[in-house]
Amino acid sequence: MVKKHSWKAARVKAIGVKVHDNPKLLKESIKKEERKHKKSVKMRKERVETREMKKQKKQEKRKENIKPKIGKKKMREIEKR
């Protein structure tokens, strides 16, 4: 299998195509991809948390703004009765 692979790599190199078979560089590239993935996961988590916080703040502000109106409406109903 190794011999077959080395002959195939030699033929491809002879054609002029780059062969990416350096184990050290392959390991580095895999680690780089893993770091990139972890970073994107972290950033995604931060975006979701920020979005949820903003949503919660808007909801609280809305409740605070609506509260007086509900109170007035209840008072009018009580006065009518």
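Being a predicted model, the structure only gives us computed values, none of them experimental. Here the residue index of a chain counts from 1 through its sequence in written order. Where totals are concerned, whole chains, interfaces and linings use all residues; where local detail is concerned, this predicted model gives features only for residues with pLDDT of at least 70, and gives and counts side-chain atom pairs only at 80 or more. Water and hydrogen atoms play no part in the side-chain values, which are based on all heavy atoms of the structure.

(A) Seen up close, the overall build of the protein chain. Looking only at helices and strands, the protein chain features two helices and zero strands. For the radius of gyration, the atoms used are the C-alpha atoms, and the globule rule reads 2.2 Å times the number of residues raised to 0.38. Computed over its C-alpha atoms, the radius of gyration of the protein chain comes to 32 Å, more than 25% above the 12 Å expected for a compact globule of 81 residues. Reported as C-alpha extents along the three principal axes, the dimensions of the protein chain are approximately 95 × 25 × 20 Å. Counting over 81 residues, the protein chain shows a buried share of 1%. Surface accessibility follows the Shrake-Rupley procedure with a 1.4 Å probe radius. Residue values consider only the protein chains on display as shielding. If you sum the accessible surface of the protein chain, you get close to 8,900 Å²; carbon and sulfur atoms cover 58% of it. His is not counted, nor are the chain ends, whereas Lys and Arg count as positive and Asp and Glu as negative. Think of each charge as sitting on NZ of Lys, CZ of Arg, CG of Asp or CD of Glu. If you average the places of the 34 positive and of the 11 negative side-chain charges in the protein chain, the two averages end up 5 Å apart. Numbering of helices and strands runs from the N terminus; a helix is a DSSP stretch of H or I covering at least four residues, while a strand is a stretch of E covering at least two. Exposure is judged per residue with a 1.4 Å probe applied to protein chains only, and the accessible area is read against the type maximum: over 50% gives exposed, under 20% gives buried, and values in between give partly exposed.

(B) Representation of helix α1 (residues 2–15). For a helix, the expected span equals 1.5 Å multiplied by the residue count minus one. With 14 residues, α1 should cover 20 Å at 1.5 Å per step; its first-to-last C-alpha distance of 20 Å lies within 8% of that length. Counted residue by residue, α1 has one buried out of 14 residues, so it is predominantly exposed. After α1 finishes, the residue G16 shows a positive phi value of roughly 115°.

(C) Spatial organisation of helix α2 (residues 23–80). The end-to-end C-alpha distance of α2, which contains 58 residues, comes to 85 Å, matching closely the 86 Å that a straight helix rising 1.5 Å per residue would cover. Roughly 30° is the biggest bend found in α2, and it falls at I66, with proline P68 one to four residues downstream. In the analysis that follows, any N or O atom pair within 3.5 Å is treated as a polar contact, provided that within protein one partner can donate a hydrogen and the other can accept it, and provided that, for residues neighboring in sequence, both atoms belong to side chains. Looking at where α2 begins, the residue whose side-chain oxygen comes 3.2 Å from the main-chain nitrogen of K24 is N22. Here the bend at a residue means the angle between the axes of two seven-residue stretches, the one that ends at it and the one that starts at it.

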